[in-house]
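Structure assessment
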Amino acid sequence: NSFAIRTNTCGELRSAHVGQKVTLYGWIQYQRQGLFLVLRDFQGLTQIIIPQDEEHSHVKKLLSNAPVESVVRVTGTVSPRPPGQENPKMPTGDIEVKAETAEILNSCKKLPFEIKDFIKKSEALRMQYRYLDLRSFQLQHNLRLRSWVVMRMREYLCNLHGFVDVETPTLFKRTPGGAKEFLVPSREAGKFYSLPQSPQQFKQLLMVGGLDRYFQVARCYRDEGSRPDRQPEFTQIDIEMSFVDQAGIQRLIEGLLQYSWPEERGSITTPFPSMTYEEALAEYGTDKPDTRFGMKIVDVSDALRRSDIQFVQNALSYPRGTIRAICIPQGLRYLKNKDLESLKESAKSQFNQEIMEIICKPDGSVKSLLTKFLGKKQQSELIQALNMQVDDVVLLAAGEHKQVCSALGSLRLLSASLLEAAGLALRDPAAFHFLWVVDFPLFLPKAENPTELESAHHPFTAPHPSDASLLYSDPTKVRSQHYDLVLNGNEVGGGSIRIHSAEQQRFVLEKVLKEDSEVLSHLLEALEFGAPPHGGIALGLDRLISLIVDAPSIRDVIAFPKSFRGRDLMANAPDYVTPEELEPYHVQVSWPLEEKEAKKN
């Protein structure tokens, strides 16, 4: 209550305060028949007894007629609740305040929705009236916990490990590769700033500048259009260190998370397990595996290699051909036919991958289109390879390794959701499974032109020391010194050891990626002035906090988020500006024909 005009908050009064005169300020959460009301502030709730005697009739009239969510001041005396009327669910449930004077500081007009967590509200309405939505207990809790976590992170980095908190510019220039950037016009004709998608270049330049250890709670921007659970502006805990290797960064982050982890979410064990990219793809079909449950992808190529099934032999004839499967435990009991059909349809539409099912019937026999082509021994080998039990359902795919694994990885997650919807507990929401994924490829073929390469992450990532020579002979085979941090199947961080040689950085940009290195001339020049070996990482703060509080969307841990389409529904941004306002920036709007007509009308 320091600096405030109240004596107490609405969440702190207890039996020890009985007899004290207090002044409370807050919002009317609930009022019942002119007898009592519940006053709410950021810390909790207090029951206020409305006086019924003639002497305080003006107080009764004031509080009885005040609309819900009006802001009031109440002064009164703390009293114990009558025996049997205590409320053990309320921290202040043993007391009440008998009002003596009151003042309506601001009356509330009719609300667009009730300020209660259990009332269903459309997300669009919540975002239009975000300042009302912020009054809910859940959003208050999320934002306060986020603040606490960030404070602990600052303590760990600055006070315990000598990191320097540096703010980097928001107006920068376009970076080759990576996500699309927002452009900001300047007063120089034809010249634009870019909003950085991360402070990547600045943090490397700070290492060249000898700062040794940098961190920042950084605002980042990506123009990714309509993507679910992504925001055009987001926050990351950005970190860079000199004279460090991959293991050093990993230990730092494990210590940071352990130090800043909220007590009420249990403890986390370090060191986190690690897995290579190839292992993650082969066993989970993704580079961000959810390791809270099994159902791993199994290679059954050997069990079927000697069969004369045409599609099996066709698949195995590919250079990276494989037959793989996942086993859905109790699938026959929990999944309906339409569920299995939707899983197969999903693999076909998303990955162009055919799926065959194998069912282990209650009598232990196997039902599948495959069985008529397989002898008893081959069937037995297949059951053994998949560790099939009664009522299990197996989904099998044949084809090129990455496509097969990706399809089965997707089906693994969809199956888990279907099993959970049917009542089988698989993924414990209270469990936190961290995992490092390492040894990513340094380059990937471009989707639109597979003969050209692009950076798997960004062009500043250093090659794996064992693969450095391959960079000049066969760049497609080079592994990177990139590492991702995964939590419960979500990527919550990513970083790498950087290239600190100007010559190697120029080769990657010009020869491998075929990019114009002139755009990065400032960085290339800096690397020629004694750049130290360095590396770093960025943790996605929004995603991390949303997982800690088990929020359905990252929008629930951001005070003023954008909508699915990247709009601010409260202030209606982005908005039009006049031609006169655009003139100094040498920008003219080219209107689509239908919008021209609409503006005329």
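Residues numbered from 1 in each chain as written. Predicted model: local features only at pLDDT ≥ 70, side-chain atom pairs only at ≥ 80, totals over all residues. Heavy atoms only, no water.

Threshold: UniProt positions are given in the numbering used here, feature names are shortened, and annotations may be inferred rather than shown by experiment.
In the annotation of an unreviewed UniProt entry, the entry for the chain reads SYDM protein, and the organism field reads Sclerurus mexicanus. Within the UniProt record for the chain, the comment given under Sequence similarities (unreviewed entry) is "Belongs to the class-II aminoacyl-tRNA synthetase family. Type 1 subfamily."

1. Some thoughts on the sheet that holds strand β1 (residues 21–32)
Test applied: The criterion for strand pairing is that DSSP finds at least two bridges linking the strands in question. A run of DSSP states H or I qualifies as a helix once it reaches four residues; a run of E qualifies as a strand once it reaches two. Both are numbered from the N-terminal end. Lines fitted to C-alpha atoms define the axes here, with helix axes fitted over just the stretch in contact, and angles between the N-to-C directions of these axes take values from 0 to 180 degrees. When checking whether two residues touch, look at their non-hydrogen atoms; a contact exists if any pair is within 4.5 Å.
Strand order in the closed barrel formed by five strands is β1-β2-β3-β5-β4, with mixed pairing between adjacent strands. This sheet shows a mean twist of 55 degrees between the axes of neighbouring strands, independent of strand direction. Two elements, β1 and strand β2 (residues 36–41), share five bridges in a ladder whose sense is antiparallel. When the bridges of β2 are listed, Q31 appears paired with L37. On the sheet, helix α1 (residues 57–65) packs against β1, β2, β4 (71–80) and β5 (95–106) and is oriented at approximately 75 degrees with respect to β5.

2. Digging into the side chain of K446
Formally: Only protein chains enter the calculation, and the probe is 1.4 Å; a residue is then buried if its accessible area is under 20% of its type maximum, exposed if over 50%, and partly exposed in between.
Here K446 lies in the loop between β18 (443–445) and β19 (453–455). Using a relative accessible area of 19% as the deciding quantity, one classes K446 as buried.

3. A few points about the packing of aromatic side chains
Stated precisely, the cut-off is as follows: Any pair of Phe, Tyr and Trp rings, taking the six-membered ring for Trp, is counted once the centres come within 6.5 Å. Such a pair is stacked with planes under 30 degrees apart, edge-to-face with planes over 60 apart, and tilted for the rest. A ring is scored as having a charge over it whenever the NZ atom of a lysine or the CZ atom of an arginine sits within 6 Å of its centre and within 35 degrees of its normal.
Under the definition given, this model contains eleven aromatic pairs. Relative to Y131, the ring of Y129 lies with its centre 6.2 Å away and its plane at 80 degrees, an arrangement referred to as edge-to-face. On the basis of relative accessibility, which here comes to 45%, the residue Y131 falls in the partly exposed class. By way of ring pairs, the aromatic residues W261, F272, F432 and F434 are connected into one cluster. A cation over an aromatic ring shows up here: R152 above the ring of Y259, its NZ or CZ 3.9 Å from the ring centre.

4. Some points on the environment of A571
Within the secondary structure, A571 is located in the loop between α17 (541–548) and α18 (579–582). Between the C-alpha atoms of A571 and I28, which are 543 residues apart in sequence, the distance is 27 Å.

5. Section: the pairing of strand β21 (residues 490–497)
If a strand is regular, its side chains alternate between the two faces of the sheet. Sheet topology places strand β20 (residues 482–487) next to β21; six bridges connect them, and they run antiparallel. Bridge assignment links D484 to a residue of β21, and that residue is G494. Linking two consecutive strands that pair antiparallel, namely β20 and β21, is a turn of two residues; a positive phi of about 50 degrees is found at N488 within it. Looking at chain direction, β21 and strand β22 (residues 534–540) are connected through five bridges and run antiparallel.

6. Focus: the packing of helix α4 (residues 137–160) against α17
Cut-off, in case you're wondering: Angle categories: roughly parallel below 35 degrees, roughly antiparallel above 145, roughly perpendicular from 65 to 115, and oblique for all the rest. Handedness of each helix crossing follows the sense of rotation of the near helix against the far helix: counterclockwise by less than a right angle gives left-handed, clockwise gives right-handed. The residue classification treats Ala, Val, Leu, Ile, Met, Phe, Trp, Tyr, Cys and Pro as nonpolar and Asp, Glu, Lys and Arg as charged. All others, Gly included, are polar.
Between α4 and α17, the least distance of the axes is 10 Å, while the angle of their chain directions is 120 degrees. Put simply, α4 runs oblique to α17. The hand of the α4/α17 crossing is right-handed. Taken together, the residues of α17 that come into contact with α4 (itself represented by N142, L145, R146, V149, V150 and M153) are L541, D542, L544, I545 and I548. Taken together, the residues that form the contact of α4 with α17 break down as eight nonpolar, one polar and two charged.

7. Comments concerning the domain arrangement of the chain
Short version of the rule: A domain assignment, automatic or from a database, supplies the domain bounds used here.
Along its sequence, the chain is organised into domain 1 (15–106), domain 2 (139–275 + 433–556) and domain 3 (293–422). Computed from C-alpha coordinates alone, the two centres of domain 2 and domain 3 are separated by 37 Å.

8. Let's talk about the packing of α4 against helix α6 (residues 246–260)
Following both chains from N to C, one finds α4 and α6 inclined at 130 degrees, their axes separated by 8 Å at the closest point. Taken together, the axes of α4 and α6 are oblique relative to one another. When the axes of α4 and α6 are compared, the crossing they make is right-handed. Along the contact surface, α4 presents W148, V149, R152, M153, E155, Y156, L157 and L160, while α6 presents L252, G255, L256, L257, Y259 and S260. Looking at the contact of α4 with α6 residue by residue, the classes come out as ten nonpolar, two polar and two charged.

9. Let's talk about the nonpolar core
Note the threshold: Residues grouped as a nonpolar core are buried Ala, Val, Leu, Ile, Met, Phe, Trp, Tyr and Cys residues, joined through side-chain atoms within 4.5 Å.
If you look at the biggest cluster of nonpolar residues, it comprises 50 residues, and the most contacted ones within it are I239, I253, L257, F434 and L485. Sort the elements by how many residues they give to this core and α4 lands first, with six residues. Aside from chain neighbours lying at most four places away, what touches F434 is L257, W261, I268, F272, P273, L485, V486 and L487. Grouped together as the second largest cluster of nonpolar side chains are 30 residues, L281, Y284, C405 and L435 included.

10. Some thoughts on the state of the cysteines
Here, the word disulfide means a covalent bond between the sulfur atoms of two cysteines. Let me state the cut-off plainly: Disulfide assignment relies on a single distance test, namely cysteine sulfur atoms paired within 2.5 Å.
Counted by the stated rule, this structure contains zero disulfides. The structure places no disulfide on C220, whose sulfur is separated from the nearest cysteine sulfur, that of C158, by 18 Å. For C220, a relative accessible area of 0% corresponds to the buried category. Looking at C360, it has no disulfide partner, and the nearest cysteine sulfur is the one in C327, 8.4 Å off. The buried category is assigned to C360, whose relative accessible area is 4%.

11. Points about the pattern of salt bridges
The criterion, for reference: In what follows, salt bridge is the name for a side-chain nitrogen of Lys or Arg lying within 4 Å of a carboxyl oxygen of Asp or Glu.
Tallying each qualifying case throughout the model produces 38 salt bridges. For R555, the salt bridge identified is with E123, shortest N-O distance 3.1 Å. Separated by 432 residues along the polypeptide, R555 in the loop between α17 and α18 and E123 in helix α2 (residues 123–128) bring together distant segments of the chain. Among the ionic pairs, E155 bridges to R152, the shortest N-O distance being 3.7 Å. Residue E155 and its partner R152 are both found in helix α4; the two are separated by three residues, about one turn of the helix.

12. A look at a nonpolar patch on the surface
Test applied: Each patch groups residues whose relative accessible area exceeds 30% and which form no salt bridge, using 9 Å between like charges and 5 Å between nonpolar side chains of Val, Leu, Ile, Met, Phe, Trp and Tyr. Using a 1.4 Å probe, the Shrake-Rupley method yields the accessible areas, and only the shown protein chains count as cover for residues.
On the surface, a cluster of nonpolar side chains totalling about 310 Å² of accessible area is made up of Y131, F560 and M570. With respect to the secondary-structure elements, F560 resides in the loop between α17 and α18.

13. Side note on the sheet that holds strand β12 (residues 298–299)
Strand order across the open sheet formed by five strands is β12-β13-β16-β14-β15, with antiparallel pairing between neighbours. In this open sheet, the two edge strands, each paired with only one partner strand, are β12 and β15 (366–367). Where strand β13 (residues 321–328) meets strand β16 (residues 393–400), eight bridges bridge the pair, whose relative direction is antiparallel. Pairing of I326 across the sheet is with L395, part of β16. Sitting on the sheet, helix α11 (residues 337–351) is in contact with β13, β14 (356–360) and β16, with an inclination near 15 degrees to β16.

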